[in-house]
Amino acid sequence: MEAISIRLREEQGIRREGEAFQLGIPLKQGDLSPDAEVILVDTASCEEIICQSSPTASWPDGSVRWLKLQFLGDLEPGAEQTLELRSRETPTSPASLLTYTRDHKGLAIDTGATRFSLTANSPTWVHTENSISTSHRLTLTSKEGRRCQTVTDADWEIVEHGSVSLTCQQTGWFLDGDIRLARFHCRLTFYHNSKTIEVQTCLHNPKRALHPGGLWDLGDPGSVHFKSMDIRAELSDIQQVRIIPEPGMPAVELDSKHGTLYQDSSGGEHWDSLNHVNAKGEVTTRFRGYRLRIGDHIQMSGNRANPVINVATPLTTVQATLPHFWQNFPSSIGVQDNGLIVGLFPGEAAEVYELQGGERKTQTAYFHYGDAPGALAWTLSPAVPVLDAQQYEESQAFQWFAANGARGPLEELIQLGLDGPGNFFAKREVIDEYGWRNFGDIFADHETLYQAEGESPYISHYNNQYDAIYGFARQFALTGDKRWHELMDDLAAHVRDIDIYHTDEDRSEYNHGLFWHTDHYLPAHTATHRTFSRYSNTSSTPGQTGGGPAEQHCYTTGLLYHYFLTGCEASRQAVLDLANWIVVQREGDHSFLGQLELATRRELPKLKATLRGQRPPDRYYALNRGTGNYLNTLLDAYWLTLDQEWLGQAESVIQSTIHPADDLDERNLSDTETSWSYLVFLASLVRYLTIKLAIGQCDDQLRYVHACLRLYLDWIHTNEKPFLDEPAKLEFPNDTWVAQDVRKAALLLQGAALFPNRTEEFKQSGKQWLDYVTCHLLKSREREMARIQVILLQNAGPHAYLEGQARSEYELLGIPADLTDSHFGKQPRLSPFRSALILFRRLAFGLRKFSFLKEKAWLTARLEGR
């Protein structure tokens, strides 16, 4: 393995000491075996830095494809540092001081700098130094203010232990009397020779929402309500309390042992936005920003706090931070009754909190045990390690990725997402896209397009449509701009917690699915991020006023890359959860009634058609974005795990959707409103083909897909016109349709690499489409709107990739010379016998899986909430 450079830059003007770094490193096939050892070296001093690494993805030959790297680092204000990751030929024992022991009382952890004990079967831990113990506890209070008891699933579990960090976790329930109120997940991370720990908490309501009529408003019976949730550190004889409310401010010393800094709202211009309503539609924020209160006295106030608290006793000092303090409001930090309290959901809020069915919230706090100034400053604005873009290209980390591609009009449009007046950060301010439920999501400002001038913008949430996370991840890899990383990280956290329906109790086709963006050209009202509200008696989709998660809105590639780039296990799990959900969504659950219902909707109409003498094509899935998303999600699950079942299912979907001899007149591709998203499916086909080439599987399935693409790309090249050329065909003829035309450019440019006999023809056609899109959008007032920006981000790459290659694209992709000679006969047609056989197989599958419990669960999930 050649040395890999990692760049660090301190940009906040703070001294960073012992900052914890974690990132993903992409590697070429064969470069690193899974049992090989790597070392990290400071290129300036040539000193070795203790690091910890583990593979997060593999190549088919078993070599490492992505490597998670962890290390601790120091940076002076404004400093830059270059590190090199190298392979070590001779393995050595790590020099970590991190150790742990376990007994009946729990876990004892020694970091080398200080010690902790974790109480068995309780979300409680104790720091001990100089015979002084500081006990910490995660606490939830019911809506009446009663402190909830806890019951754990098991004792503390060690989930990772290396030379840099040790992570353990505990899960369980908060109990309000005998009632299981909500689940908790508490995760502690300790660092080598460090007095700093990371505390990650997750509060989860696993109940289903009843969503009567497919409407998902606040106030649903499946919600849970609670008064507060906090982390409390018990101290004795507090002598001094200092709070730095915002970075760069002087510390405020409290003259009392009872004081709290409480953030009630975002502190922005629109702090009292309708984005912050309760089930009654009432705005819950009471004042702008934060207040530092001592008893009944307000000592100071401000807009946006990001505080550090320092609490000293005669023998110990504890510091604490809560990153994204103001963004995730309400938040608080302070002291009361000899306790340091980090308010994750503070009791000072105007009313109790509502956690919707299947909703959760993850937050992270840091504690430092010592009086070192600025010990936790890095936690409020972490530095982001950057790799050379060439590393991503050479390792094939992203498809159609060119590290040194020339910047053109498309890049100019994309850069508006960071630097334009309506950039992604500025969008947040328009509707105050902040608060614990909203932060990280994108304001869907395109939904305001048809509002009257001067009207307040609709509250509308984007929910990762067209995979903004992926677009952000790709741009970060390409440019190294940490703002793209910040957008990616914030949105991934939001999607994982809020936009995915975390329940097993609802319909199988909803459980663990991704909620749609809020309804087109309508306000969200009290439906939060769940699409359909009882306050809307119409919908942008004719005839639809309710529903739930569906395959037309399933985006996993961004979460996959978030996991690869950051090592975040929650993103990995989200990919697999969504993959399992969409399989059930498309294939039905393992109950007889579920299979019967699916047969009634899908197979029975086809059987009736054949009995009437019709002979429809023998295909199961529609040629649209729903199937495209399904295929893409299966490919993500495969690329994450290399489990052949995922790839096999992907190939089954392809065979049941498209054929090299399709009658394209029958496909009716020119009907824009109903057929435009065939382009999404074709993009997934291209991804399948490039993955197969990357793993060296040149088989009949690859040839089949190649032949299908040739047919459809020929049609696009010959027949496609700009969507806006025929506005009468469109319900909402706006410039989003121009952005959608970029998909044609991307496909044709990819076709130039995949079909050597059409290279120049497809390349020229693709460039013409790209020129049309960019020239139009550069003059459009809609060019900075969220949907347009994300579509461009999702489809960027092929143009720069082709321009940047010296060898023929055909040679670079490794396409066999005989691939274009494949023939697959005529499109199969359904007969009455074939239709009946397919229906019978489905029912037989359901019967084989029959159980009274499954059938009861299927019925119950549909009868509740009606």
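Structure shown above.
For the structure given in this document, a descriptive report is provided here. Computed from a predicted structure; not experimentally measured.

1. Comments concerning the overall build of the protein chain
Right, so step 1: Counting its regular elements, the protein chain contains 23 helices and 30 strands.
Right, so step 2: Compactness check: the protein chain gives a C-alpha radius of gyration of 28 Å against a globular reference of 29 Å for 866 residues, within 12% of the reference.
Right, so step 3: Taking the principal axes of its C-alpha atoms as reference, the protein chain extends roughly 90 × 65 × 60 Å.
Right, so step 4: For the protein chain, the residues scored as buried account for 60% of the 866 residues in total.
Right, so step 5: On the protein chain, roughly 33,700 Å² of surface is accessible, and the fraction owed to carbon and sulfur atoms is 49%.
Right, so step 6: With 83 positive and 112 negative side-chain charges, the protein chain shows a spacing of 6 Å between the two charge centroids.

2. Some words on the environment of glutamate 731
Right, so step 1: You can see glutamate 731 is positioned in the loop between α15 (700–719) and α16 (736–740).
Right, so step 2: Each C-alpha atom of the pair glutamate 731 and glutamate 673 lies 7.7 Å from the other, and the pair is 58 residues apart in sequence.

3. Observations concerning the side chain of glutamate 411
Right, so step 1: Tracing the sequence through the fold places glutamate 411 in helix α3 (residues 409–419).
Right, so step 2: With no salt bridge to any partner, buried glutamate 411 finds its closest opposite charge in arginine 407, at an N-O distance of 6.2 Å.
Right, so step 3: Only 2.7 Å separates the side chain of glutamate 411 from the backbone nitrogen of glycine 408, close enough to count as a polar contact.
Right, so step 4: Those residues in contact with glutamate 411 that lie beyond four places of it in its chain are Ala406 and His799.

4. Brief notes about the nonpolar core
Right, so step 1: Counting residues in hydrophobic clusters, the biggest one holds 146 residues, and the most contacted among them are Ile25, Phe71, Tyr392, Phe472, Leu682 and Leu685.
Right, so step 2: Examining the composition of this core, we find that 12 residues originate from one element, helix α14 (residues 678–694), more than from any other.
Right, so step 3: Each residue touching isoleucine 25, except ones within four places of it in the same chain, is listed here: Ile4, Ile6, Arg65, Trp66, Leu67, Leu69, Leu85 and Leu387.
Right, so step 4: Counting 60 residues, the second largest nonpolar core, distinct from the first, contains Phe184, Phe226, Ile243 and Tyr262.

5. Considering the packing of aromatic side chains
Right, so step 1: Using the criterion set out here, one finds 43 aromatic pairs in the structure.
Right, so step 2: On the basis of an interplanar angle of 70° and a centroid distance of 6.1 Å, the ring pair of tyrosine 262 and phenylalanine 287 is categorised as edge-to-face. With tyrosine 262 in strand β21 (residues 259–263) and phenylalanine 287 in the loop between β21 and β22 (290–294), this residue pair connects regions lying 25 residues apart in the sequence. Grouping residues by exposure puts tyrosine 262 and phenylalanine 287 together as buried.
Right, so step 3: An angle of 70° between the planes, with centres 5.5 Å apart, marks the rings of tyrosine 366 and tryptophan 378 as edge-to-face. With a gap of 12 residues between them, tyrosine 366 in strand β29 (residues 360–369) and tryptophan 378 in helix α1 (residues 377–380) connect regions that are remote in the sequence.
Right, so step 4: For tyrosine 366, a relative accessible area of 10% translates into the label buried.
Right, so step 5: Joined through ring pairs, the aromatic side chains of Trp66, Tyr392, Phe398, Phe401, Tyr470, Tyr561, Tyr563 and Phe564 make up one cluster.

6. Remarks on helix α8 (residues 569–587)
Right, so step 1: With 19 residues, α8 extends 27 Å between its outermost C-alpha atoms, agreeing within 8% with the 27 Å of an ideal straight helix rising 1.5 Å per residue.
Right, so step 2: If you check which residues of α8 are buried, you get Ser571, Ala574, Val575, Leu576, Leu578, Ala579, Trp581, Ile582, Gln585, Arg586 and Glu587.
Right, so step 3: Residues of α8 that are buried make contact with α6 (482–499), α7 (557–566), α9 (592–611), α10 (625–641), α11 (644–655) and α22 (832–848).
Right, so step 4: The positive-phi residue at the C-terminal boundary of α8 is glycine 588, with phi of around 85°.

7. Structural notes on the side chain of histidine 517
Right, so step 1: Along the chain, histidine 517 turns up in the loop between α6 and α7.
Right, so step 2: Among the polar contacts made by the side chain of histidine 517, one reaches the side chain of glutamine 465 at a distance of 3.5 Å.

8. As for the packing of α8 against α9
Right, so step 1: Remark: α8 packs on α9, axes separated minimally by 9 Å, with the N-to-C direction vectors making an angle of 60°. The angle between α8 and α9 places the two elements in the oblique class. Contacts between α8 and α9 involve Gln585, Arg586 and Glu587 from the first element and Gln595, Leu598 and Arg602 from the second.
Right, so step 2: Grouping the constituent residues of the contact of α8 with α9 by class yields one nonpolar, two polar and three charged.

9. What about the packing of α9 against α22?
Right, so step 1: Two numbers describe how α9 lies on α22: the axes approach to 9 Å, and their chain directions differ by 175°. The angle between the axes of α9 and α22 places the two elements in the roughly antiparallel class. In contact with Phe592, Gln595, Leu596, Leu598, Ala599, Glu603, Leu604, Lys606, Leu607, Thr610 and Leu611 of α9, α22 contributes Pro832, Ser835, Ala836, Ile838, Leu839, Arg842, Leu843, Phe845, Gly846 and Leu847.
Right, so step 2: The residue makeup of the contact of α9 with α22, split by class, is 14 nonpolar, four polar and three charged.

10. Regarding the sheet that holds strand β4 (residues 48–49)
Right, so step 1: Within the open sheet, the five strands sit side by side as β4-β3-β7-β1-β30. Their pairing is antiparallel. Either end of the sheet is taken by a strand with one partner, and the two such strands are β4 and β30 (386–387).
Right, so step 2: Direction of pairing for strand β3 (residues 37–42) relative to β4: antiparallel, over a ladder of two bridges. For valine 41, the partnering residue across the bridge sits in β4 and is glutamate 48.

11. Brief notes about the pattern of salt bridges
Right, so step 1: One pass over the full model with this rule turns up 44 salt bridges.
Right, so step 2: Among the ionic pairs, aspartate 445 bridges to lysine 427, the shortest N-O distance being 2.8 Å. Of this pair, aspartate 445 sits in the loop between α4 (424–431) and α5 (468–479) while lysine 427 sits in helix α4; the two residues are 18 residues apart in sequence, bridging distant segments of the chain.
Right, so step 3: A relative accessible area of 12% means that aspartate 445 is categorised as buried.
Right, so step 4: The partner of glutamate 726 in a salt bridge is lysine 729, with the nearest N and O atoms 3.2 Å apart.
Right, so step 5: Residue class for glutamate 726 comes out partly exposed when judged on its relative accessible area of 31%.
Right, so step 6: Take lysine 729: its relative accessible area is 33%, and that puts it in the partly exposed class.
Right, so step 7: Residues participating in the shared-partner salt-bridge network are Arg619, Asp662, Glu666, Arg667 and Arg829.

12. Focus: the state of the cysteines
Right, so step 1: Summed over the entire model, instances satisfying the criterion amount to zero disulfides.
Right, so step 2: The thiol sulfur of cysteine 168 is not disulfide-bonded, and the nearest other cysteine sulfur, from cysteine 186, lies at 8.1 Å.
Right, so step 3: You can see cysteine 568 has no disulfide; the closest cysteine sulfur is in cysteine 202, sitting 11 Å from it.

13. Remarks on α5
The periodicity of an α-helix, 3.6 residues per turn, causes residues three or four positions apart to be oriented the same way.
Right, so step 1: The terminal C-alpha atoms of α5, which comprises 12 residues, lie 16 Å apart, in line with the 16 Å expected from a rise of 1.5 Å per residue.
Right, so step 2: Of all 12 residues that make up α5, 10 are buried, and the element is covered over most of its length.
Right, so step 3: Within α5, the full set of buried residues consists of Ala468, Ile469, Tyr470, Gly471, Phe472, Ala473, Arg474, Gln475, Phe476 and Ala477.
Right, so step 4: At the C-terminal side of α5, glycine 480 shows a positive phi close to 75°.

Here is what the cut-offs are and how they apply
Residues numbered from 1 in each chain as written. Predicted model: local features only at pLDDT ≥ 70, side-chain atom pairs only at ≥ 80, totals over all residues. Heavy atoms only, no water. Helix = DSSP H or I, 4+ residues; strand = E, 2+ residues; numbered from the N terminus. Rg over C-alpha atoms; globule rule 2.2 N^0.38 Å. Buried < 20%, exposed > 50% of the residue type's maximum accessible area, 1.4 Å probe, protein only. Areas by Shrake-Rupley, 256 points an atom, 1.4 Å probe, with all protein chains shown as cover. Lys, Arg positive; Asp, Glu negative; His and termini not counted. Charge placed at Lys NZ, Arg CZ, Asp CG, Glu CD. Salt bridge = Lys/Arg side-chain N within 4 Å of Asp/Glu carboxyl O. Polar contact = N/O pair within 3.5 Å; in protein donor to acceptor, adjacent residues only side chain to side chain. Contact = heavy atoms within 4.5 Å. Core = buried A, V, L, I, M, F, W, Y, C linked by side-chain atoms within 4.5 Å. Phe/Tyr/Trp six-rings, centres within 6.5 Å; stacked < 30°, edge-to-face > 60°. Expected span 1.5 Å × (residues − 1). Axes fitted to C-alpha atoms, helices over the stretch in contact; angles between N-to-C directions. Parallel < 35°, antiparallel > 145°, perpendicular 65-115°, else oblique. Nonpolar A, V, L, I, M, F, W, Y, C, P; charged D, E, K, R; others polar. Pairing = 2+ DSSP bridges. Disulfide = S-S within 2.5 Å.

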